[in-house]
Amino acid sequence: MYKKTFWILVCAFALFVPLLAVQAEPPAGAGVRAVLEAQAAAWNRGDLDAFMSGYARSETTTFVGSEVTKGYQKVLNRYRERYATPEKMGKLAFTDLEVKMLGTEYASAVGRWQLKRSPEAGGDVGGLFTLLFQKTREGWKIILDHTS
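Presented here is an overview of the structure given in this document. (Residues numbered from 1 in each chain as written. Predicted model: local features only at pLDDT ≥ 70, side-chain atom pairs only at ≥ 80, totals over all residues. Heavy atoms only, no water.)

## Considerations on the pattern of salt bridges
Close approach of charged atoms lets side chains of opposite charge pair.
Step number 1: For the structure shown, the criterion picks out 4 salt bridges.
Step number 2: Asp49 is the salt-bridge partner of Arg80, the closest N and O atoms lying 2.8 Å from each other. A residue pair is termed long-range when its members are at least 10 positions apart, and Arg80 in helix H4 (residues 72-82) and Asp49 in helix H3 (residues 48-52) qualify at 31 residues.
Step number 3: For Arg80, a relative accessible area of 39% gives the class partly exposed.
Step number 4: With its nearest N and O atoms 3.9 Å apart, the salt bridge here joins Asp124 to Lys116. (Salt bridge = Lys/Arg side-chain N within 4 Å of Asp/Glu carboxyl O. Helix = DSSP H or I, 4+ residues; strand = E, 2+ residues; numbered from the N terminus. Buried < 20%, exposed > 50% of the residue type's maximum accessible area, 1.4 Å probe, protein only.)

Structure, rendered in structure tokens:
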């Protein structure tokens, strides 16, 4: 009787442990969310280079705003022009974030951005964004940014 109960418990445990491991894995979009959290933190300390590490270092990386900017370096230059001082950068927050996996190597993120700035630095601004991420050897990277 005890041997039978013991083996039932062992089998139940063997079936239950893998379920715990599956539940302990982070959600599929956690890597994308981590990139955006790191970008906001970098922005808020005035570090554009660290902020840009969320983008793919590629000539095909594209930013769409009031105009289309192609190429990592051109996107970085655009940010440096528009946000030349910590005051103009202000404090960045992302809200209402929705991440959708598009297979195993691509993901989209949609949300709102908000910059808190003094009136002298241009005042508060914000809008919406849609990002396309690609999973690379370096991690999740933005390959297309449409911000309005």
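## Here we look at the packing of aromatic side chains
Step number 1: Scanning all chains against the criterion turns up 9 aromatic pairs.
Step number 2: Members of the aromatic cluster, connected to one another through ring pairs, are Trp43, Phe51, Tyr55, Phe63, Tyr79 and Tyr83. (Phe/Tyr/Trp six-rings, centres within 6.5 Å; stacked < 30°, edge-to-face > 60°.)

## Comments concerning the nonpolar core
Step number 1: Ranked by size, the top nonpolar core spans 26 residues in total, and within it Trp43, Phe51, Met52, Tyr55, Tyr79, Leu131 and Phe133 carry the most contacts.
Step number 2: Those elements giving two or more residues to this core turn out to be helix H2 (30-44), H3, H4, strand E4 (106-116), strand E5 (125-136) and strand E6 (139-147).
Step number 3: Contact partners of Phe133, with chain neighbours within four places excluded, come to Val32, Val35, Leu36, Glu105, Tyr106, Ala107, Ala109, Trp140, Lys141 and Ile142. (Core = buried A, V, L, I, M, F, W, Y, C linked by side-chain atoms within 4.5 Å. Contact = heavy atoms within 4.5 Å.)

## Quick look at the environment of Ala40
Step number 1: Tracing the backbone through its elements, the reader meets Ala40 in helix H2.
Step number 2: Ala40 gets classed as buried once you look at its relative accessible area, which sits at 13%.
Step number 3: Residues Ala40 and Ala50, 10 residues apart in the sequence, show an inter-C-alpha distance of 9.8 Å.
Step number 4: Once residues lying within four places of it in the same chain are set aside, the contact partners of Ala40 are Leu92 and Phe94.

## Side note on H4
Step number 1: Buried within H4 are the following residues: Tyr72, Val75, Leu76, Arg78 and Tyr79. The buried residues of H4 occupy an angular sector of 155° when projected down its axis, which confines them to one face. Residues of H4 that are exposed and angled more than 90 degrees away from the buried face: Lys74 and Glu81.
Step number 2: Structurally, H4 contributes buried residues whose contacts are with H2, H3, strand E1 (62-64), strand E2 (68-70) and E6. (Arc of directions from axis to C-beta.)

## Considerations on the pairing of strand E3 (residues 91-101)
Step number 1: Looking at chain direction, E3 and E4 are connected through 9 bridges and run antiparallel. Across the sheet, the residue bridging to Lys91 is Lys116, located in E4.
Step number 2: Hairpin connection, E3 to E4: the antiparallel pair is bridged by 4 residues, and Gly103 has positive phi, about 95°. (Pairing = 2+ DSSP bridges.)

## Description of unusual backbone geometry
Step number 1: In this model, Asp96 sits at a positive phi of 50°, which is unusual for a non-glycine residue.
Step number 2: The residue Asp96 is located in strand E3 in this model.

## Considering the side chain of Lys141
Step number 1: Note on placement: Lys141 falls in strand E6.
Step number 2: Here Lys141 occupies a buried position and makes no salt bridge, while the nearest side chain of opposite charge, Glu138, is found at 6.1 Å.
Step number 3: Not counting residues within four places of it along the chain, the set of residues in contact with Lys141 comprises Ser53, Gly54, Tyr55, Ala56, Leu132, Phe133, Gln134 and Thr136. (Lys, Arg positive; Asp, Glu negative; His and termini not counted.)

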